[in-house]
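Working through the structure, step by step
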Amino acid sequence: MFNYLTICKSAGVFLLSTMMIFCGKAFADPVLNKILSTHSITLAWVDNTRPISWQLNNKPSGLAIDICLDVVQSIEQRYNTKLNVKWMNIPAAARFQVISDNHADILCAVAANSTQRNKIVNFSIPWFYTKMNYLAKKSAQIMNEELLSGHTVGVISGGSAALALAKMNEIYNYSISVKLVRNFNEGFDLLADGHISAFITDDVIIRGKLAEMPDKEDYQLSSDGFGNTLSYGLVVAKNADIMEEIINTNIKSMFASKRFEELYKKWFMSPLTSPADNVQLPMSDQLLSDMHRYQN
């Protein structure tokens, strides 16, 4: 009888300990806990940022979208579950707040890592590098960023370009008038209609837009971009530590298996909607270095 009670007591302690460990892991990452308990994941994305993310054939498409879908597959395999994917199309200006407020689980969009943004969200390891650039009509004769002085320039509200212009005005005493816009399409439209002299955003977004423009020869941009190098990552909430680890592991696996290389060729080196619609942007040296590091 004593042995029986001892065994039962031991078993009860073991089960309680196991439950506590499980619950501890679950509550350690409330984002993953919610995903697994609801069997659903919400992916936020930004439209009109080809070839990173945009709407193609009435669904989210692009490099960031494919990376996120690979992450979803990794979660399903790791936890032996099936997830319902919900897409949330958001304005560029609100993309980090949506994650920090837990309205979406992962941001699958243009998302340059910065010290300021790291205060409210967490970034994965980089999967893309770019710089800022400007797009202007050739008739404006803006040959470099110094000639932006005296012009009205569009930038995404809360974006890296807005901060860069503020510093340029302060340090170099430029007189750039800043026009804040909520999304990339608005910026390109204002430029096309002559309401702004230039639109500043990430170089990759400009090149993606130029590839589809029928009057692309009327526009110009800097060949090298300007400012510091920007690194893109997938974005999760500050307390989503396990989710961040899953994403990082998946990106490293994509690099090692050459899955990432295949996706890059698909979106950056191949026609998107027509033979003439081709971004033709080879991998940067930094991205090649990252990929090769995990292949060795």
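Residues numbered from 1 in each chain as written. Predicted model: local features only at pLDDT ≥ 70, side-chain atom pairs only at ≥ 80, totals over all residues. Heavy atoms only, no water.

1. Some words on the overall build of the protein
Quick reminder of the rule: Counting from the N terminus, the helices are the DSSP runs of H or I reaching at least four residues and the strands are the DSSP runs of E reaching at least two. Under the scheme applied here, a residue whose accessible area is under 20% of the maximum for its type counts as buried, over 50% as exposed, and between as partly exposed, the area being computed with a 1.4 Å probe on protein chains only. In this analysis, two residues are considered to be in contact whenever any of their non-hydrogen atoms come within 4.5 Å of each other. Under this rule, positive means Lys or Arg and negative means Asp or Glu; His and the chain ends count for nothing. Every charge is mapped to an atom, namely NZ of Lys, CZ of Arg, CG of Asp or CD of Glu.
A tally of helices and strands in the protein yields 10 helices and 13 strands. Along the three orthogonal principal directions, the C-alpha set of the protein runs to about 95 × 40 × 35 Å. Classification of the 296 residues of the protein by burial places 47% in the buried group. In the protein, once contacts between residues fewer than 6 apart in sequence are set aside, the share between residues at least 24 apart is 74%. Counting 27 positive and 28 negative side-chain charges, the protein places the centres of these two groups 6 Å from one another.

2. Quick look at the pairing of strand β10 (residues 198–202)
The condition is simple: At least two bridges found by DSSP between two strands is the condition for calling them paired.
Counting buried positions over the five residues of β10 gives five, a clear majority of the element. Summarising the sheet, strand β8 (residues 152–156) and β10 pair through two bridges and their orientation is parallel. Residue Gly 154 lies in a different strand from β10, and its bridge partner there is Phe 199.

3. Side note on the pattern of salt bridges
Put simply, the rule is: Only one rule defines a salt bridge in this text: a Lys or Arg side-chain nitrogen within 4 Å of an Asp or Glu carboxyl oxygen.
Scanning the entire structure with this criterion turns up 11 salt bridges. Across the pair Lys 265 and Glu 261 runs a salt bridge, and its minimum N-O distance is 4.0 Å. Residue Lys 265 and its partner Glu 261 are located together in helix α9 (residues 259–268), separated by four residues, close to a single helical turn. Residue class for Lys 265 comes out partly exposed when judged on its relative accessible area of 48%. What emerges from the salt-bridge pattern is a single network uniting Arg 50, Lys 209, Glu 212 and Asp 277.

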